[in-house]
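Residue strings, one per chain:
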Amino acid sequence: MTNYVGIDIAKYFHVATVIDSTGKKITGPFKFDNSREGFDLLVTKLELLEKSELVIGIESTAHYHQNLLHFFISNNYAVELINPLLTKRFRGINIRDVKNDNVDSESIALFMLFNSKDDYNFHSTYLDDLNHLCKERADFKKKHTRSKIRLTATLDKVFPELKPCIGSTLITRGFLTLLSEISTANEFANTRIDRIYNLVNKDRIFFSLARVEEIKSLAKKSIGFHNESLSLTVKLIVNEIFHYGNAITLLENKIIEIMEKMNSPIMKLPGMGYIQAASILSVIGDIDRFDKPNQLVAYAGLDPKVRQSGQFTANTTRMSKRGNALLRSAAVWSAHNMTRNSLTMNEFYQMKRNQNKSHYNALGHCAKKLLHYIFYILKNPDKEFVIY
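Residues numbered from 1 in each chain as written. Predicted model: local features only at pLDDT ≥ 70, side-chain atom pairs only at ≥ 80, totals over all residues. Heavy atoms only, no water.

Draft legend 1. Highlighting the pairing of strand S2 (residues 13-19). Buried residues dominate S2, accounting for six of its seven residues. Between strand S1 (residues 3-9) and the antiparallel strand that follows it, S2, lie three residues. The pairing of S2 with strand S3 (residues 25-33) spans six bridges and is classified as antiparallel. Bridged to Ile19 within S3 is Lys25. Count of turn residues in the S2/S3 antiparallel hairpin: five residues, of which Gly23 carries a positive phi of about 90°. (Buried < 20%, exposed > 50% of the residue type's maximum accessible area, 1.4 Å probe, protein only. Helix = DSSP H or I, 4+ residues; strand = E, 2+ residues; numbered from the N terminus. Pairing = 2+ DSSP bridges.)

Here it is as structure tokens:
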């Protein structure tokens, strides 16, 4: 007989309730601290029951659930992380409008009972690590991009002619090294050409002397104004860009290290890289959460919006974008790579383009097709999947 444990999560303490497969309360609700002593108390209560017959449900609550989740994983308990929106709707079935920690823990246990599965997969620590690393990488990528935009905006004040002259070279390591020393048009104009040349080519020679002379000439007649505070701001932003870039590299190296250990079957897809695959797997988690591929597509927000009223039904609608942004961007990114590495995906992309779909619209369709592939591969890891 399976017993279900519902745990309501808080910052300093948690509340647990245990019920059997008939919904009868066995233990609790009881409170335990978010500490080693509290976790040991919980285990003492659970040891009275057969471990193989326990299924534990925990609401995803900011970051407060993570210590307890990892505790269960490391002790080989079957544990499920639940979307709090689902338990909220489930709790709303009750006629009485009661909400407290005791009621919530029992509601989570009942939710686990009514949504029970025949088989529970144990959580993968690899997936937990990937989830954390991929979220951090996405966060640092956003900060990295914002810093680049801030750099361009600040340079438009002190040396507006620079970006149109050098274009994307502005954010190369060599030119950023130069900007960390010389930041305004006035500073460029008053610096010797050989010093500018040596700074910009510090790591490798990629900027000719003629280009350096062109920049110095622009600096002498620039309309930008010299300002000590803006000069310092440019240098600080450059340091930010270096910091975020180094952090992203460290995160990506760790992600690749974990992906090599996992040896995921989706890596067999043509054009699938470690970072894209990690982002996709970290968001999907347990593929058994999804019964159909369209559910996975909707989870990514790649499904179309529905617009219907009376006898009117819209034939064409935009992508809903109501799902997980990281999964959606990783799927589109991977689909783009597959159009260049897979004949099947390239033909599908060209078919959509021939239907007068835009480039990004066609990529959205490719991303949906890719998620169907991934759904099949993860559901059938032992079956061969061939795509050309």
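Draft legend 2. Quick peek at the sheet that holds strand S5 (residues 79-82). Spatially, S3-S2-S1-S4-S5 is the arrangement adopted by the five strands of the open sheet, whose pairing is mixed. With partners counted over all chains shown, the strands left at the sheet margins are S3 and S5, one partner each. Geometrically, the sheet is characterised by an average inter-axis angle of 20° between neighbouring strands, direction not taken into account. Relative to S5, strand S4 (residues 54-59) runs parallel, the two being bridged by four bridges. Paired with Ile58 across the bridge in S5 is Leu81. (Axes fitted to C-alpha atoms, helices over the stretch in contact; angles between N-to-C directions.)

Draft legend 3. Quick peek at the nonpolar core. Leu269, Ile284, Leu371 and Ile374 are the most contacted members of the largest nonpolar core, which totals 49 residues. Mapped by element, the contributors of at least two residues to this core are helix H5 (125-158), helix H11 (228-262), helix H12 (274-284), helix H13 (293-299), helix H14 (325-341), helix H15 (343-354) and helix H16 (359-379). Broken down by element, the residue count for this core peaks at eleven residues, all from H16. Sequence-distant contacts of Leu269, that is, excluding residues within four places in its chain, are made with Met338, Leu370, Tyr373, Ile374, Ile377, Phe385 and Ile387. Counting 28 residues, the second-largest nonpolar core is a separate cluster that includes Ile166, Leu170, Phe175 and Leu230. (Core = buried A, V, L, I, M, F, W, Y, C linked by side-chain atoms within 4.5 Å. Contact = heavy atoms within 4.5 Å.)

Draft legend 4. A look at the packing of H14 against H15. Where H14 meets H15, the axes come as close as 6 Å, and the angle between the chain directions of the two elements is 105°. If you check the angle between H14 and H15, you find them roughly perpendicular. Between H14 and H15, the residues in contact are Ala335, Met338, Thr339 and Asn341 and Leu343, Met345, Asn346 and Tyr349, respectively. Across the contact of H14 with H15, the residue classes tally to five nonpolar, three polar and no charged. (Parallel < 35°, antiparallel > 145°, perpendicular 65-115°, else oblique. Nonpolar A, V, L, I, M, F, W, Y, C, P; charged D, E, K, R; others polar.)

Draft legend 5. View of the environment of Ile171. Along the polypeptide, Ile171 turns up in the loop between helix H6 (162-166) and helix H7 (173-179). The partly exposed category is assigned to Ile171, whose relative accessible area is 38%. Sequence-wise, Ile171 and Leu151 are 20 residues apart; in three dimensions their C-alpha atoms are separated by 9.2 Å. What Ile171 contacts, discounting residues up to four positions off in sequence, is Lys148 and Leu176.

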